Amino acid sequence: MSLSHGRPYLAIPGPSVVPDEVLRAMHMASPNIYRGALHDLTHSLLPDLKWVARTESEVAIYIGNGHTVWEAALLNTCAPGDRVLVPDTGQFCRGWAEMAAGLGLQVDLLPFGDEAPLDPAQVAETLRQDNTHAIKAVLAVHVDTATGVRNDIAALRRAIAETGHPALLMVDCIASLGCDRFEMDAWGVDVMVAACQKGLMTPAGVGFVYFNARADAARGQLPRVSHHQDWRPRVAPDGYWRLFNGTAPTHHLHGLRAALDMMRAEGIEEIWARHAKLAQAVWAALEAWSTQGPLRLNIANRHERSHAITSVVALPDAGLRIQNWTETNAGVTLGIGLGRTPEEGYFRIGHMGHVNAHMVLGVLGVIEAALLAEQISHGPGALSAAAQVISTA
Ligand SMILES: *Cc1c(COP(=O)(O)O)cnc(C)c1O
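Okay, so let's go over this structure. (Residues numbered from 1 in each chain as written. Predicted model: local features only at pLDDT ≥ 70, side-chain atom pairs only at ≥ 80, totals over all residues. Heavy atoms only, no water.)

Within the protein, the regular secondary structure consists of 13 helices and 12 strands. Relative to its length of 393 residues, the protein is compact, with a C-alpha radius of gyration of 21 Å against a globular reference of 21 Å. Projected onto its principal axes, the C-alpha coordinates of the protein cover approximately 60 × 55 × 35 Å. By the burial criterion, 55% of the 393 residues in the protein qualify as buried. Long-range pairs, those at least 24 residues apart, make up 72% of the contacts in the protein between residues at least 6 apart in sequence. Surface exposure of the protein reaches about 15700 Å², of which carbon and sulfur atoms provide 55%. Within the protein, one finds 30 positive and 39 negative side-chain charges whose respective centroids are separated by 3 Å. (Helix = DSSP H or I, 4+ residues; strand = E, 2+ residues; numbered from the N terminus. Rg over C-alpha atoms; globule rule 2.2 N^0.38 Å. Buried < 20%, exposed > 50% of the residue type's maximum accessible area, 1.4 Å probe, protein only. Contact = heavy atoms within 4.5 Å. Areas by Shrake-Rupley, 256 points an atom, 1.4 Å probe, with all protein chains shown as cover. Lys, Arg positive; Asp, Glu negative; His and termini not counted. Charge placed at Lys NZ, Arg CZ, Asp CG, Glu CD.)

Structure, rendered in C-alpha cells:
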C-alpha cells in the first residue's frame, strides 16, 4: 500500500513550494508588454526587492537561474586575468569558483571543508599577503545549500575592512534571501546575487544582482561588458525592454509580485523568525534521532546552520533508503546529497519559503516512519522534541 496520494510535498532546498497565490497570479493571458499595467507592476517590484535584502543599492533583474547571476555579477566587476578569492565551504562555493575560472579569472580557493563555516581571519590573512591588491573580489556564499552551513558575512566584512584591502565583497544569497537574516547595507556587502525559486517562492526563471556604488565603480573600470550582461541599462533603462534586454518575463513578474505581497504582509523580521523556529524543530528531531544509529547533522554547531536547509549524514546508505521511502510511500520528496554519490548516504531537508509548522512536522513524521519501515536505528523522542519547539512559538 502507498500512502502517497494527496498533495505532494517537494521538501528540497529549491525550488521551494510555490504558494497558490503565486500560481494564481501567473495563471493569466500574456499581458501587453509595451505599456500599461505590466510596466507599473515591474517598477513596483524594485523597492520590495531592496526591502527583502535590507538595502538601498541597485538591483538588476536577469532572466535566468542562480548560475546566470553568478556569471552576471562577475562579468560586471572582473576582467579575464583578474584574481578572485573564494572561501570554500561547499559545493556552491566551488560552483561559483568554476564559473569564475571559466570566464578566465584566476581563482584562489581557500578550503574550509564541508562541515564548517569560513574563518574570516584566514580570509583576512590571505588578503594581507596580497600586497599588490591583485585580488579584485572575495566571493562568499552566505548559506551553502549542499552542506547547510551559514557563513557570518558581517564578520567577514569586518575582517576584510581591518586589512584595508580594497577587494569587493560579493555574496551569494540564493539560498538565504527571504529565509535567513541578511542586511546588505549594514553588513557592507558590495554585490549580492539571488534567484526567485528559493526564499522568494516563485518558479525558477528570474535572478537578481544587487550592487552598490563601489561595485559600479569597478564596472566603470572595465574596458567592455556584454550588452546583454551589463547591469547599467538594467537599472537605468531608456526603454522598458532594456530592463531585461528583451522580452520581459511577464508571468514571473506577476508571480514575484504576489510573493513579495505575501512577504510584505508577514514582515521580514517575522519571516526570519519563522524560519529560525522551524529550523530549530528540524534540528531537535535530528538531534534526538542522532543519539543512536547512523543519522548525524552535517553542521555540528547550531549557530553555523542555515535556517532554510538542513544537511544530514546517514551512512552508509540510510539517506538513499529514507529518500526512496518518503517519496514512494508518503508523497514527500527530500533533497539528495549534493556533490555526493547516493551511496554516501547524505540527504537534505528543505524548509525554506512557503513552509509552516504542520509541513515541517509532517516531513519529520514521515522521516520517522521511514526509519521504522527501513529498520534504521535511531534515538527516541524526535517528534515530541520537534513538537515541543513548535509549541513554544
Ligand atoms: C540553488 C543555488 C545556486 C544555484 O542556483 P540555480 O538556480 O540552480 O542555478 C547557487 N548558490 C546557492 C547557494 C544555491 O542555493
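A few words on the pattern of salt bridges. Taken as a whole, this structure holds 25 salt bridges when the rule is applied. We note a salt bridge from Arg-94 to Asp-88, for which the minimum N-O separation is 2.9 Å. The class for Asp-88 is buried, based on a relative accessible area of 7%. As a salt-bridge pair, Glu-266 and Arg-274 come within 2.7 Å of each other at their nearest N and O atoms. On the basis of relative accessibility, which here comes to 30%, the residue Glu-266 falls in the partly exposed class. By relative accessible area, which is 21% here, Arg-274 ends up partly exposed. (Salt bridge = Lys/Arg side-chain N within 4 Å of Asp/Glu carboxyl O.)

Bringing the site of the ligand into the picture now. Around the ligand, a shell composed of 13 residues is seen, among which His-67, Thr-145, Asp-172, Gln-197 and Lys-198 lie nearest. In this structure, Gln-197 approaches the ligand through a side-chain N or O atom, which is 2.7 Å from an oxygen atom. In isolation the ligand exposes 380 Å². Once the protein is present, 89% of that is buried. Sorting elements by how many residues they give to the shell around the ligand places helix α3 (residues 66-75) first, with three residues. Of the residues in the shell around the ligand, the class split is six nonpolar, five polar and two charged. (Near = heavy atom within 4 Å. Polar contact = N/O pair within 3.5 Å; in protein donor to acceptor, adjacent residues only side chain to side chain. Nonpolar A, V, L, I, M, F, W, Y, C, P; charged D, E, K, R; others polar.)

It is worth spelling out the nonpolar core at this point. Counting residues in each nonpolar core, the largest one holds 54 residues, and the members touching the most others are Leu-49, Leu-177, Met-192 and Phe-208. If we skip the residues at most four places from it in the chain, Phe-208 touches Leu-49, Val-59, Ala-60, Ile-61, Val-69, Met-192, Val-193, Ala-194, Ala-195, Cys-196, Leu-200 and Leu-256. Within the second largest apolar cluster, 38 residues are counted, among which are Val-282, Ile-349, Ala-370 and Ile-376. (Core = buried A, V, L, I, M, F, W, Y, C linked by side-chain atoms within 4.5 Å.)

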